[in-house]
Amino acid sequence: MSNFRIAGKGRVNRSRQVRFTFDGVDYTGYEGDTLASALLANGVHLVGRSFKYHRPRGILSAGSEEPNALVGTDRGNGRFEPNTRATVLEVFEGLKTESQNRWPSLTRDIGAVNDALYMLFSAGFYYKTFMWPKSFWDKVYEPVIRNAAGLGKAPTAPDPDVYASRFAHCDVLVVGGGAAGLAAALEAGRSGASVILCDEQSEIGGSLLSEPAAEINGQLAWDWLEDANAALAGMPNVTVLPRTTAIGYYHQNFIGLCQRLTDHLRIVPEGAPRERMWKVRAKQVVLAQGAIEKPLVFAGNDRPGVMLAGAARTYLNRYGVKVGNRVVVVTSHDSAWHAAFDLAKAGVEVAAIVDVRGTVPTQLAAAADALRIRTLIGWTVTGTRGRLRVSSVRVNPVGAGGKVGSAETIACDALLMSGGWTPSIHLFSHTQGSLTWNEDGQMFLPGRGKEDCCLAGAGKGRFGLKAAFEDGAAAGAAAAADAGFGVEPPAYHVEGELSFTGVTGRELPTDRDLGHAKAFVDFQNDVMAKDIRLAVREGFKSIEHIKRYTTTGMATDQGKTSNINGLAVASDALKRPIPAVGLTTFRPPYTPTSFGTFAGYNKGALFEVTRKTPIDGWAEENGAVFEPVSLWRRARYFPQGGEDMHAAVARECKAVRSSLGIFDASTLGKIEIVGPDAAEFMNRMYTNAWTKLAPGRCRYGLLLGEDGFIRDDGVIGRLAHDRFHVTTTTGGAARVLNMMEDYLQTEWPDLKVWLTSTTEQWSVIALNGPNARKLIEPFVEGIDLSDGAFPHMAMATGKICGVPTRLFRVSFTGELGFEINVPARYGRAVWEKLFEAGQRFGITPYGTETMHVLRAEKGYIIVGQDTDGTLTPDDAGLSWAIGKTKPDFVGKRSLSRPDMLAADRKQLVGLLTADPKTVLEEGAQIVLDPNQPVPMEMVGHVTSSYWSAELGRSIALAAIQGGRSLQGRTVHVPMPDKVHSATITGMVFVDPENTRLSA
Amino acid sequence: MLLANHPLPGKTIPGDTASRLSIRAAEDTARFSLRIDPAAVQAAGTAFGTPLPTRIGGMTATGGRSALQLGPDEWMLTAPVAESDGIADAFAALQEPHSLVDVGHREVGILVEGEAAALALRSAIAFDVEAMAVGSGCRTLFDKAQIVLVREDENRFRIVVWRSFADHVWGLLQAVSREIALGI
Amino acid sequence: MLLIRCPYCEAERPEVEFTYAGEAHIARPADPSALSDDEWRDFLFIRTNPRGRHFERWRHMHGCGRFFNAVRDTVTDKFAMTYKAGEPRPSDEEIALAGSATSVGEARP
Ligand SMILES: [Zn+2]
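None of the values given here were measured: they were computed from a predicted structure.

A. The overall build of chain B, seen in detail. Across its full length, chain B carries four helices and 11 strands. For chain B, the spread of C-alpha atoms along the three principal axes comes to 55 × 40 × 30 Å. Considering chain B as a whole, with its 184 residues, one finds that 59% of them fall into the buried category. Pairs at least 24 apart in sequence give 57% of the contacts found in chain B among residues at least 6 apart. As presented, chain B carries roughly 7,100 Å² of accessible surface, and 51% of it is formed by carbon and sulfur atoms. Within chain B, the 22 negative side-chain charges are centred at a point lying 4 Å from the centre of the 16 positive side-chain charges.

Encoded structure:
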């Protein structure tokens, strides 16, 4: 295996070798290498196949803008990630990586046939080719395309990693740790302001890491960098975050930073998060994100071995890796000449520098001469050769008037290109700041901002180290001053500057047919210059449309290397200037970000709050099966000895109706309404009348929205003249309190009444069944439980089992029932005491499923199950709950709107299936005539449906148009297997005379 | 008396080796939500035996009793458990219209202490915890759970959270304290 | 995440503590029964939905608990000002005055 590592160059740790694999082959690199630099050091350029055409692709860049070199990474223990950019992935001992989008292997890939079938895949091919027949899309085209075109494979196992998040507030956030960012952070830090400096790379330094020969204030760049890092580390007010990408810039200087914590570690400490999302609120932001080099657009510019000149220079200077043994440089910009010089000085043969410009700065030409490098000024590149790696480049002179002369072929194993530099304005663009086109530099620069931020250095078109340092220092000082900290920025003296003039941005001239040139603009989405021209020929004029039609700039790299080239090609084709063609909007995240980072702590047990009642632990210990009810988990049923739900619920129902059941009702919403105007407030909120409700009595309360539809219900007890104990549905508790506060605060602020949530103050134990009173009598103090003194719908305060209680005699089952409220911390103990004493009655714990069945047998509705936000009290058969004489209550006026009085409104009714064993599906649609043609006229739907053990048959509730007037009528429920028929009945199936309530 | 049952699974999260962080369940207290017209705040303070704060976020404390103003007409009153009935009786005698509701069992307290306390809280609290004044408190969100946060000292915070949300807060603090112990 | 100034807490707090509560200055009629069906419909459902300046209600749900009013630009999402429930709709001058106190300077490119 060849070795392309150059002794004495680079910053990688030569004393720490690391072994890793790529496509099953073992390689070695050094600590500090990226996968890209380590592969290049081993002579590997071919790392993947392209998205559509499966063309062999190599490493284009040395940074996060990389469009080609995407790999799958395996960190062991199920940690697999697709589409990791090899140029940012740090190697470590044992890392396993693989190429993507190839089969059976990277070097022999069947899909490469797509490359020959260009016409199938050209611009808009999805839209044109797969229009017809429509049904083919799902079954044929889409699967085939998905197979043939694509990126890596998503992992199938759950992500084993944990993630973290953190909020931070600072005076100055500096994004980017290159020359400008460092200078900014140093100034802001010296001022005393609190500073966060983040950089996406593993090391702070940016382009300084690739500039060892530059001298800053008399120090070599790397020495200066070491001192600068030490200075920052010594400031307690400065936080430096390497491996941290600013992914999004949101309103009011809120910036998301993704910090990679453990991906680079060989051994991850147990429980350590993989990544952390920082949510930073900064008073001032300095964006110093630098610039990204542009490729040149010419035929064969995507062949492995063709890469950006600046990247080659970084691999040489930072990683000590030469990207080839014989290189050619093609450029329209000065900076690529420095790559040629550095490589030549390192012993690499530079076969030629091809500059498409007519003239170049004399000092560059002189330097090339001194290094005996052949220069071809005013030449163009018209093609490359080499199957899996570039082997030669075809170059032609361009004469006066743009005439392309005859070609010459130069052998090479790497072709370095530069089309100039694009300032990274992505985050500024996130703020909706305006951009202005700079014709000289052929680049967009930041215009008017909308946030407290400024840009510095190459990120706003100030190229060169001195400019970056001074601009950064000024920005850092200004930001600190705006945050209230004063400091005077220093001057910087820099030796060894690169030259930064150039022209940019047009497809290179060629002597060949442009219509056949495979000149790539967007490498990741496989978009060529001719695709963009085709889109223009077909009538697209705006870049937003061209982009969507050709997909240029729409890959995961968001067109970091391709946007300006795409614009230039479109601008040429449209014969309109670039600003008139427009620039597409950049959107967060700046680079692809894992879902885990966005989720943060919210995965596994912390995915969402799981609310548990004080009695939940008992239910768990006693084998309950749980179900989620809003954020709560509630016991659904308590299976015994291998029972299924059906058997368990039937047993539980029977126990309640025949003796005694115990139920945890703690999740019921509870609101304490207190104050001299409490009754008046209740009158206005609820449909019922409250003035005459005596203390110690309860009433069913029905709450509407102002639109007249049922919002919530519950039993409400009056504790005292000025104090009500309101209960709400489990899911409605917060909503009801919010609605009450809204009316109280904004409509009736004059009322002297206050609302307090007491949902969690009280544990609620519901006892139901003929033996309920017998069980609690010995435990209750201070309340006469006799039927006369404490009838149905009575409530009182006293003690039970020695602790305070609010005792309600209410029933949601139709049986004699009590709801025992005790302070929450005593809930479980009281429950256990009653359960123990209840053994002589065969006391049976039951869950929500049994509760649902028992209440349905009695025709008691559940708001949110039997109602859906479109039912009025009358629709639900609850007209009796409306205080007819009250002048007003929330929703009253709506009840007299014409459409609320229509005869064909859906009304709740009972349903009995013709086959008593059939339990209808909840939500099933109901029709009157099962033989009508499809689509049938649906007249209603099933809202509740259960097996009733009490009746030995199924029961159901349904909302049916004009249902109450259709009593006795047969309706039909078409289901996939058969059409069920059922008879409309009343809603009460069990004990219609309510004799059991006062058993 | 029956056994009280606390919602937190363990009572403490041990700190890291440098003891930069310790997290534990707080002792139970008597706790009331007082709602009253701010114009009557003096009379309420007399009933409570401790003057009430008059600024949202403000706190007063004397003799084991403390009052935290959470809203324009809302105070959280705390006291030793044994004083609960006495406080209820005192307010029952207060002539000014008001609402005093016992919420002693509604919430539980979690104490977050140590040099890294604020850092730990920053994992899930969106406002600037570091800038919070000592001796102040407010309602806010901790991840998805509503809490009342009190800064009792430079490095000591108290979280008061509805009991069914306590598990979630506790679990997240456990994850955070692991990070802090690892120095990551 | 926006920062929203609660006029009761007199502090800027993070958006997560707040909930949105619809258009402001739509008072519930004192006597709904006196309204025609059309008038009641308008009260219930018809909202201005402007592009630009919007008077709206928020609640400091996970804070002081108060409903309050805000002037927000629906294009830029920027709050010009917030004020207590029950206070009258602010004039253009008042909004301009409040807005200038919090406006963001231009970027310094
Ligand atoms: Zn507030």
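B. Summary view of the confidence of the model for chain C. Residues and elements named next belong to chain C. For chain C, the mean per-residue pLDDT works out to 92, and 92% of the residues sit at or above 70. Low confidence marks residues 103-109, where pLDDT is under 50. Its contacts with residues over four positions away, or in another chain, come to 22 contacts. Interface confidence for the predicted complex, expressed as ipTM, amounts to 0.97; the pTM equals 0.94.

C. Looking closely at the domain arrangement of chain B. Residue and element names in this part refer to chain B. What the domain assignment reports for chain B is domain 1 (16-27 + 106-181) and domain 2 (30-102). Of the residues lining the interface, nine residues belong to domain 1; the matching set on domain 2 comes to seven residues. Interface area for domain 1 against domain 2, summed over the two sides, is near 740 Å², with a carbon-plus-sulfur share of 56%. Broken down residue by residue, the surface that domain 1 buries against domain 2 is led by E107, G137 and R139, which jointly contribute 46%. Summed over the shared surface of domain 1 and domain 2, the number is two salt bridges. The salt bridge partner of E74 is R139, with a shortest N-O separation of 2.3 Å. Counting only elements with at least two residues in the side of domain 1 that touches domain 2, the list comes to β9 (136-142) and β10 (145-153). Partitioning the side of domain 1 that touches domain 2 into residue classes produces four nonpolar, three polar and two charged.

D. The coordination of the zinc ion, seen in detail. All names here are of chain C. Bound to the zinc ion are the protein donor atoms C6 (SG), C9 (SG), H60 (ND1) and C64 (SG), situated 2.0 to 2.4 Å from the metal. Taken together, the four donor atoms surrounding the zinc ion define angles of 105 to 116° at the centre, an arrangement classified as tetrahedral. Between consecutive donors of the zinc ion, the numbers of intervening residues give the motif C-x2-C-x50-H-x3-C. Of this pair, C9 sits in the loop between β1 (3-6) and β2 (11-14) while H60 sits in the loop between β4 (53-59) and β5 (67-73), placing them 51 residues apart in sequence.

Analysis parameters
- Residues numbered from 1 in each chain as written.
- Chains lettered and ligands numbered in written order.
- Predicted model: local features only at pLDDT ≥ 70, side-chain atom pairs only at ≥ 80, totals over all residues.
- Heavy atoms only, no water.
- Helix = DSSP H or I, 4+ residues; strand = E, 2+ residues; numbered from the N terminus.
- Buried < 20%, exposed > 50% of the residue type's maximum accessible area, 1.4 Å probe, protein only.
- Contact = heavy atoms within 4.5 Å.
- Areas by Shrake-Rupley, 256 points an atom, 1.4 Å probe, with all protein chains shown as cover.
- Lys, Arg positive; Asp, Glu negative; His and termini not counted.
- Charge placed at Lys NZ, Arg CZ, Asp CG, Glu CD.
- pLDDT = per-residue confidence, 0-100.
- Domains from an automatic or database assignment.
- Buried area = accessible area lost by both parts, 1.4 Å probe.
- Salt bridge = Lys/Arg side-chain N within 4 Å of Asp/Glu carboxyl O.
- Nonpolar A, V, L, I, M, F, W, Y, C, P; charged D, E, K, R; others polar.
- Donors = N, O, S within 2.8 Å, 3.2 Å for Na, K, Ca; no water.
- Tetrahedral: all angles 85-135°; square planar, octahedral: opposite > 155°, others 65-115°.

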